[in-house]
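Remarks on the overall topology
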Amino acid sequence: MKVVKCSLVAFIFLLALALMQNTANAAYFQIGDNPLEVKGKFQARLSWRTVESEGFTFPHVARGNMVQERNLALIEFNQTLAKQTDTTAEVKYHLVGRFLYDGIYDYGPKAFKDVRNSNKAEIDNFKKDADVWEAYVDYTKGPVFFRVGRQNLSWGETDVFRLLDRINPLDDTFGGSFEDLDDRRIPIWMARGTYNLGNVGPISSLSLEGFLNPGMGDQKVSPMAPFGTPYAFPAPASSVPTRIHTPEKTFNSSRMGVRLQGVLADNFNFSLAQYQTITDSPAAVVTFDPAAAGGPVFQDLQYKTEWITGGSINFFEPHIGGVIRAEVAMFWNEPVFIPEINAPVLFGDYRTGDIPKKNVLRYMVGLDRNFWVRTLNDKSMFNVFFQYFAEYYPSYDDRMKIPLPKFPTGEFMKQVRYDQKLTMIAFTNYMDGTLTPQLVIAYDPRGSWMYIPSIQKFIDPWVFKVAYYGITGKPDVSVGILRDRDQASFTISRLF
Amino acid sequence: MKVSRRLGMVFLSMLLMLSLAVFVSAAELQRIDRTNWETVKGLLPDSALKWVQSGDMVLKYGALDYDPNEVLPTWVMESKKENVGKYKLTAKKAIVEVSTGKAPKFIKGIPFPDIKIGDPDAADKVMWNTFYMRDANGPIRAKVEFRFIGRKTGYERSIFLDWYSKPFGGYQEAENWPNKDDFESVNQVVVTSPFDMAGTAQMTWRYRGEKEDMLNGYVPAIRRVRRLTPAGRSDAMFGSDFARDDAGYGLYDGAIATFKWKIIGEGEAIGGFRGTKLESVKKNKDGEWEFDFRLAQQDFAKKGDSSAPWFIDSTIWTKRPVWIIEGIPKDPYYNYGRQIMYVDKELNIGYWKVIYDRTGKYWKTLQMMWGMGQDAQKTVNWNAALRYIIIDERSQHATAVDVSHQYITGAKIDSNQFSLAGFTTLCK
């Protein structure tokens, strides 16, 4: 108890000292030869729904109602314990504490208070969190690097949507695609190592990287938003009990993989990767078990592992003055949803379903370009990143569906054989880098759009951001599934 | 009594001699302000002269207590003899050996100690010398502060970053380093503060010969290394008044071949130094040479008589022989137009850069302050680009880039750090 109290006192003391700075710069405390860096942020975000709820969305929230009052505190510690010399390694650590609380269930619209009242335990657990968010130690000696601890690892070349970058689970419960990918990534406990092989034949800067997140430990998965929360998928409450199954705690369920990356002909950055991860969305199967308590029918959501083989490349193309990047990956035996197989009960066939699997090919081609539009900004360039995403099922089955019901019929949405999306991110900055307008657009040619214009202003040590998140288009196409979730947000952050 | 009187006399004499020495040094420093600006007319760009005339800038003008040409790294001094006539430039402005026509494996010190004004490549050679003068200081590890300063607002904010660089030429020890990639130099910039920018990083691989630079950036928001285009070199760094190409010993850090260079004059100009005396440099426990910039930090914190909030009055301005060089970008999309650099003929460092926009109108002026360092035993000499100040006259805003927090030359930086894998390990 004494140790905990002392640690808490020390933590509060350090935090107070750091906050005494009236600028957004880190605070440093000299401990022995190596300074301890302390920094972080407090953030509050308010979001208001700007369209009326429709379809299966629950609860129905009128336009203008608050749907998010999210408070976040991050405090980060960094210290180098030993510097690399000819005989010694560099050792340093990184620690981030995260504290989270969403107030809409306590003082938001009545609809969300009612959601909490009807499901107190789950919502009370969902609305707040205090965690050691990241905690790792780095070891570097010559060509060898290890990072062990709770961390994020991101491979691949894509923005907005993930392709090869599926190592860490994502938390989509507080905004889904509305939120930056990095804000949604959930760090996991892993050991990661890199060995720099240097020049090998025509390849320079060749390196081998591997990681292991042991399946025997606490396997984090992408959480599902509880029924009735603002960013849950639109679906009626399940009429049968729902059970969630994470992978078995065995080594075979580990997230693990290797990647080779290097540079070819001094221009082509490439990578090849093979890894096992856990699917972002659980596979749904309906179980028929008359003997089970609460039965006989259950909706079982099972998080499955899957292997991914892929690669990426980027290079500068001088004729167009931009960077071209591409990524391709085969997702082996990815669980799919075929109602007749996953949920035979729905068709009067009273038996437990199965989880069919298909290989899925996903790829992206992108172009990054920055250029001057001096009439609009004579000091900073405009940066524009384009991407074309595609998804293809080589062994497509006409019966494949997305396990979400169409309104009002309740029939499942169609999974197409070949799906595509286009994205664009554009931004520049003004006022000496303190004002950043940005536009993100995602378009599905089958008929849905997502657009996120935002503007951010930095007034040391505060950051203010105003954003609009809009979705339009068909309610059964891609992002259009969430087309009644348009919102405006205001975020204020205090950095230290 | 007799003994104490004698001792007293000796003490008094010493005191007198000391005060004379101080008096002599102080007497050599003249305050230049709006009342006597004519003293420095013709010794600095017109844009800077206007600052003195208006009271924006007050100068301390005079002689240094040392000859900076005598405190260059040994291998630079040697190269001034050994490299005469040894190298030439190709049509694409790459350096080759005169004897073989091939790119040299290693260049010691500066490649072109003998600049001749009639040489059509003279200006390119001066710029190459400035590149190698920086490289001659070996691997550098520094803590850099970007200070944003407005005329009305004063100090606004800072961005802190770590700088790492490793040359493969110029510096004596580099001759023995493996360099299969045929790099000319490599460098990394990693932002450490404020919180929302921390982790943003950029790595540049500059190749020998005619290959384009390769730039990679680490973006914390996507937690990945992202390939960058070279087109952004005239873009504002972190939204500051400073572009990536404004760095470098010659006030230009891009590819030499992307500009048309011409010597448009030579003569004398005043260059800025921190103090009349050499900076102290000490070997740290890792065998690296660390500048002791505590005095510089004290100087930078003082508010002087200059009315513009971005000038440091403690800079000592001294007359130096310079080349005046004009650079015009070949890239039609480069954000700057014509630029005029004032580069020291002997030291191969820059003092002033005047920047015009693409329509030919005057836009910014960049000035540099230097620190020349020597250890107590006078065995090694180093120099540091201590402070850049760039003033955007249209917006009346300046950015000061300051390395006084930590500056280490001869730094022990493992080459693996500059690989793609090593780059990602710097990042979160």
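Residues numbered from 1 in each chain as written. Chains lettered and ligands numbered in written order. Predicted model: local features only at pLDDT ≥ 70, side-chain atom pairs only at ≥ 80, totals over all residues.

With respect to the overall build of chain B
Test applied: For helices the rule is a DSSP run of H or I covering at least 4 residues; for strands it is a run of E covering at least 2, with both sets numbered from the N terminus onward. With C-beta atoms placed from the backbone, a residue counts as buried when 20 or more other C-beta atoms lie within 10 Å of its own, as exposed when 12 or fewer do, and as partly exposed for counts between those limits. Contacts here follow a simple rule: the backbone-placed C-beta atoms of the two residues must lie within 7 Å.
When its secondary structure is counted, chain B shows 6 helices and 19 strands. Summarising its shape, the C-alpha atoms of chain B cover approximately 80 × 50 × 50 Å along the three principal directions. Residues counted as buried form 48% of the 428 residues belonging to chain B. Long-range contacts, defined here as pairs at least 24 residues apart, represent 61% of the contacts in chain B between residues at least 6 apart.

Some points on the environment of Asn176 of chain B
With respect to the secondary-structure elements, Asn176 of chain B resides in the loop between strand 6 (154-167) and strand 7 (183-193). Sequence separation of Asn176 of chain B and Phe106 of chain B is 70 residues, and the distance between their C-alpha atoms is 9.1 Å.

Focus on the sheet that holds strand 9 (residues 242-245) of chain A
Residues and elements named next belong to chain A. The line we're drawing: A pair of strands counts as paired when DSSP detects no fewer than two bridges linking them. Geometry is summarised by axes, namely lines fitted to C-alpha atoms with helices restricted to the contacting stretch, and by angles between N-to-C directions that run from 0 to 180 degrees.
If you walk across this open sheet you meet the 3 strands as 9-13-12, and the pairing is mixed. Two strands lie at the open edges of the sheet, namely strand 9 and strand 12 (283-288), each paired on one side alone. Neighbour-to-neighbour, the strand axes of the sheet open up by a mean angle of 30°, direction not taken into account. Here strand 9 pairs with strand 13 (residues 297-302) via 4 bridges, running parallel. Pairing of Ile244 across the sheet is with Leu301, part of strand 13.

Structural notes on the interface of chain B and chain A
Much of the literature gives interface size as the accessible area that the parts lose upon coming together. Contact residues are listed per partner, giving 43 residues for chain B and 53 residues for chain A. Elements with a contribution of two residues or more to the side of chain B that touches chain A: strand 6, strand 7, strand 10 (224-228) and helix 6 (420-425) of chain B.

Considerations on the environment of Leu170 of chain A
Residues and elements named next belong to chain A. By the element assignment, Leu170 lies in the loop between strand 6 (144-151) and helix 5 (181-184). Separated by 11 residues in sequence, Leu170 and Leu181 place their C-alpha atoms 8.0 Å apart. In this structure, Leu170 is in contact with Arg184, Arg185, Ile186, Ser222 and Asp280, ignoring residues within four places of it in sequence.

Overview of the nonpolar core
The line we're drawing: By our criterion, buried Ala, Val, Leu, Ile, Met, Phe, Trp, Tyr and Cys residues that link up through C-beta atoms within 7 Å make up a nonpolar core.
One finds Met127, Ala269, Ile325, Trp352, Trp370 and Tyr388 of chain B to be the most contacted residues of the largest nonpolar core, which totals 122 residues. The dominant element in this core, judged by the number of residues it contributes, is strand 18 (residues 381-392) of chain B, at 8 residues. Leu153, Leu164, Ile167 and Ala329 of chain A belong to the second largest nonpolar core, which has 17 residues in total.

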